[in-house]
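Coordinate analysis (summary)
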Amino acid sequence: MPAWQPPPAAPPAVPDTMAMPTRPPTAAGTGPQGELTIENGPDAGHSHRTGDQALRMGRSPDNDVILRDPATSGHHARLERRGDQFWVVDLGSTNGTFVNGESVQEKQLNHGDRLTVGQNSVHFSVLGA
C-alpha cells in the first residue's frame, strides 16, 4: 500500500485580462470645505472637516462628531452645506445651539463664527477663505 501524500497544490491564479477597467473616482469634495475646531470643553483640540456631506454632532456614538459632555444632547446639531454656504441646524437639543452667543434653530455660518454646543466652544472656518 503506498504512503499517504498531500493533494497537489492548486495551479497558480491566472490574471483575468477580461476584467472591466476600474472607473476613476469621482471628484468628491467639490465646492467649499468647512472646518470645526473645538477650542474648549471636554473635546478641546479636535478638528473636523466637512464639505459635501453633513456632519451630525452629539453625544451618541453614531454621530460624525462625538462630543463627550453631559450638556450635549445625543443628537445635538448638524452642520451642512447648501450650495456654497454652510448652515448649522439644531436637532431639538435640550440646551440649545448658539452662534456667536445667540440661540439658533438654524443659521447660516460665516468664516470665524463661534458655535456653542453643550460645554464645547467650536470655531467654524471656511478653508481657503
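Reading the values: the criteria
- Residues numbered from 1 in each chain as written.
- Predicted model: local features only at pLDDT ≥ 70, side-chain atom pairs only at ≥ 80, totals over all residues.
- Heavy atoms only, no water.
- Pairing = 2+ DSSP bridges.
- Helix = DSSP H or I, 4+ residues; strand = E, 2+ residues; numbered from the N terminus.
- Contact = heavy atoms within 4.5 Å.
- Polar contact = N/O pair within 3.5 Å; in protein donor to acceptor, adjacent residues only side chain to side chain.
- Phe/Tyr/Trp six-rings, centres within 6.5 Å; stacked < 30°, edge-to-face > 60°.
- Lys NZ or Arg CZ within 6 Å of the ring centre and 35° of its normal.

Think of a sheet as strands paired side by side through backbone hydrogen bonds, with each pair either parallel or antiparallel. The strand order across the open sheet built from five strands is β4-β3-β5-β6-β9, with neighbouring strands paired in mixed fashion. Across the chains shown, the open sheet's two edge strands, defined by having one partner strand only, are β4 (65-66) and β9 (106-109). The pairing of strand β6 (residues 85-90) with β9 spans four bridges and is antiparallel. Within the sheet, the bridge partner assigned to W87 lies in β9 and is Q108.

The next subject is the environment of D62. With respect to the helices and strands, D62 occurs in the loop between β3 (55-58) and β4. The sequence separation of D62 and G74 amounts to twelve residues, and the corresponding C-alpha distance is 9.1 Å. Setting aside residues no more than four positions away along its own chain, D62 makes contact with R56 and H75. Within polar-contact distance, the side chain of D62 engages the side chain of H75 at 2.9 Å.

Now for the packing of aromatic side chains. On inspection of all chains with the given rule, the structure shows one aromatic pair. Sitting over the ring of W87, R82 keeps its end group 4.5 Å from the ring centre.

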